[in-house]
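# Structure at a glance
Listed here are the chains, written in short residue letters.
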Amino acid sequence: MEPNSSSNDNNKMQLQHHSSCLEIATMEVHRVVPPRHKSTIEKLKTRLKETFFPDDPLRQFKGQPLGKKWILAAQYIFPILEWGPNYSFKLFKSDIISGLTIASLAIPQGISYAKLANLPPIVGLYSSFVPPLVYTVLGSSRDLAVGPVSIASLIMGSMLRQEVSPTQNPVLFLQLAFTATFFGGLVQASLGLLRLGFIIDFLSKATLIGFMAGAAIIVSLQQLKSLLGITHFTNQMGLIPVMSSVFHNTKEWSWQTILMGFCFLVFLLLTRHVGTKRPKLFWVSAGAPLVSVILSTLLVFAFKAQHHGISVIGKLQEGLNPPSWNMLKFHGSHLGLVMKTGLITGIISLTEGIAVGRTFAALKNYQVDGNKEMIAIGVMNIVGSSTSCYITTGAFSRSAVNHNAGAKTAVSNVVMSVTVMVTLLFLMPLFQYTPNVVLGAIIVTAVVGLIDVPAAHQIWKIDKFDFLVMLCAFLGVIFISVQEGLAIAVGISIFKILLQITRPKTVMLGNMPGSDIYRDLHHYNEAMRIPGFLILSIEAPINFANTTYLNERILRWIEEYEAEENLNKQSSLRFVILEMSAVSAIDTSGTSFFKDLRKAMEKKGLVLVNPLAEVLEKLQRSDDSGDFKRPDSLYLTVGEAVASLSSTIKAPSANYV
C-alpha cells in the first residue's frame, strides 16, 4: 500500500508541476530594454561620485541662498559652529562632570602611555592638553575623549627603537616620535580630504579583534619590567624574548615592588569589574587610576620607598607644551623609518578613533561623518607634532567613561584639557615620587579590556575563515612583532577577498512548485529541475580574474548535466540560462568569456537573464554578430525565459534533485 501511495503522490506532484509550467508558458514576456545612452564623462562622473562621495556631502547646499551656503560650509568644516550657538549652561553642567572624570583617568594614563612609547612621561600629559582642544573645534563626535592610546604608543615605541635607543639618544628619539606623529597626522588628514576612508576598511573586524588582543598581551608582558622591578629588560616585543628576559633576571626581582604592584593591580581590576558590571558606578573605575597614583605616591614619600627597590618617575618639567616644530626631521637616514611608523600608527589610531566614535554615536542615535573625523584627527596630530605631542586618537576606555559620565558635547574634552593644563602648571612636583610599578598596573588594567573573548567566540560561530584571520593576527603579534602580525592578518584578509573574486559562487537553480520562482537546488529540496534547461546563477562581477574559472565551471556543469541525462535517459540539454542579477560589473575579458562560452556550447542556446545596465551595454557593444540583441537571448526573469523557450521542447516534465 505505501509504495503505491508514494508513487501516486509523486505522479500528482509531477502533474501539478507540469500544469504550472503550462500556466507559466502563457505569461506575458517583457522585453529587455537597452540602457539609456550615457557619455563617457557621465559614466566617469557617476563612478567617481559613488567611489569618493557616497554620502553626497553637497546635498545640503542644494537650493540654498548664497549666505546660507557660506554658513553651512563653515559649519561643515568646523562642526563646533553647528552646536555651539545652542550650547547652554545645562549642557555645560553635564560636560564639566564628565570632563573632570575623564581628566582623572587621562592624567595617569597619559604618563603611563608615554613610558610605553619610551618617551618622557611629561609628553603624555602634553598630548592630553593640545589635541583635545583641536578636536573640539573640528570633530563631529560628542563622546570621543581624545588622548594617547596604548596600542599606538606600543607600536611607535617598538618601531622607533629598532634604529634609535631611547636611553642612549633620547633627543633624537623624541625628534623621530614628533616627526612620525606629523606623518601620521598627514596620512589621516589626507585620507579624509581625498575621501579615501575605505582604505582603513581593509582592517576587518576579525583582524582588529585579533590584533588588539595580541597587542594587549604584549603590552601587559612589557609591564612585567615595572611590576617585578627588573632593571635589565629585553628591548624585543615577542612573547618568548620577554618571558626569557623575565626568568633570566630573577635576581633583580624586588619583593617590595611585587607586593605594591600586586595590591594596586588587584584594586584596579576590581574597580574596573565594578564599573563594567554596573555602568552607573562608572566613577569607581574612572577615578581608581588617579587614586592609585595618589596613594602610591604618598606611600613612597612616607616610607622613602625609592631607597628600598621601588623605582619612581622622578622630577617632571613644569609648564605648558613647548613648541617642537624645530624638532621635526624631514631628512637624514631615519626618514624612511618615521614615515613607515607614521603610516602604521596613523592608520591604527585612525581606525580605533573612528570605530569608537561610531560606536557611541549609534548608542545616542546621531551620525558621525567618517571623513570629517579623519580630517579632525589628522589635523589634531599635525598640530600636536608641533606642540610636543605624540600620536593621539579617541581612546575607548576614556570615551566609555565620558559617555557613562553623561557627556553632552565635545566641551568635555575642553574641561579635560583645562584640568591637564592646571596639572602641568602647578601640580607636576607631586608626581616626583610616583612609582613606576603603579603606572604599569594602570596600563595592564586599561589593556585588559582589549581582549574581547565573546567577540572571538562569535566570529568562530559565524565564519571560520575570519576566525583564522583573527588567530593569525593574534599569534603574529605575540610571537613575531606587532607590525608583522598586523601585516600577516591584512595579507590573509586580502587573500580572502581575492579568493572570492577569482572563485565566484555559481549555483544551479530549480523551479519552486506552483510558482515561477527559481532557487538554489542545494538549498531548497523542493525545487525541481526543468528538463532541457540548465539554469545557473552567477553571483559576482565577471572580470579578467575569474573568467577562466567561470568558463571551466560552467562547461563542467554542462558535462555533468549531459552525463546525468544519458544515465537517466532524459531529454537532451537545449538551453543554458545564466541568471545575472548579481553580476554588478563586467570588463573586456568578461565579454570575451561570453563569446567563447557560446562557441563552446555548439548547438545549445545561451540565454541571459536580467543583466544590469552596465553589463548589458558592454555585452551588446562587443557583440558583432548580434547574438545578445535577439529577443530569445535576453529575458527579465528566469520564469519568463523558461516559459518562452519551453515551447521548443516537447513534453516537458520535471525531475527531483
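Residues numbered from 1 in each chain as written. Predicted model: local features only at pLDDT ≥ 70, side-chain atom pairs only at ≥ 80, totals over all residues. Heavy atoms only, no water.

Here we take up the packing of helix H13 (residues 255-277) against helix H19 (residues 436-448). In the contact formed by H13 and H19, the axes pass within 9 Å of each other and the chain directions differ by 35°. For the pair H13 and H19, the crossing hand works out as right-handed. Between H13 and H19, the residues in contact are Thr257, Met260, Gly261, Phe264, Leu265, Leu268, Leu269 and Arg272 and Val437, Val438, Ala441, Ile442, Val444, Thr445 and Val448, respectively. Here the residues of the contact of H13 with H19 sort into 11 nonpolar, 3 polar and 1 charged. (Axes fitted to C-alpha atoms, helices over the stretch in contact; angles between N-to-C directions. Helix = DSSP H or I, 4+ residues; strand = E, 2+ residues; numbered from the N terminus. Left-handed = near helix turned anticlockwise from the far one by under 90°. Contact = heavy atoms within 4.5 Å. Nonpolar A, V, L, I, M, F, W, Y, C, P; charged D, E, K, R; others polar.)

This next bit is on the layout of surface pockets. Empty space among the atoms becomes visible once a probe the size of a water molecule is rolled across them. Here the second largest pocket is characterised by a volume of approximately 950 Å³. Lining the second largest pocket are 36 residues, with Lys115, Asn118, Arg161, Thr167 and Lys225 positioned closest to its centre. At the level of secondary structure, the elements contributing two or more residues to the lining of the second largest pocket comprise helix H5 (89-116), helix H8 (150-160), helix H9 (170-193), helix H11 (224-228) and H19. Ranked by residue count, the leading element in the lining of the second largest pocket is H19, at 5 residues. Classifying every residue of the lining of the second largest pocket by side-chain character gives 15 nonpolar, 18 polar and 3 charged. (1 Å grid on protein atoms, 1.4 Å probe; cavity = no way out; pocket = protein on both sides within 12 Å on 5 of 7 lines; lining within 4 Å. Points joined across faces, edges and corners; volume = space filled by probe spheres on them.)

Another point: the confidence of the model for the protein chain. Across the protein chain, the average pLDDT comes to 85, with 94% of residues at 70 or higher. Within the model, pLDDT remains below 50 along residues 1-25, and this stretch shows 19 contacts once partners closer than five positions in the same chain are excluded. (pLDDT = per-residue confidence, 0-100.)

Turning to the pairing of strand E6 (residues 533-538), a few remarks are in order. With respect to burial, E6 is a largely interior element, 6 of its 6 residues being buried. Here E6 shows no split at all, with Phe533, Ile535 and Ser537 on one side and Leu534, Leu536 and Ile538 on the other all buried. Bridge count for strand E3 (residues 506-511) against E6 is 3 bridges, and the pairing is antiparallel. Looking at E6, one finds that Val507 is bridged to Ser537. (Buried < 20%, exposed > 50% of the residue type's maximum accessible area, 1.4 Å probe, protein only. Pairing = 2+ DSSP bridges.)

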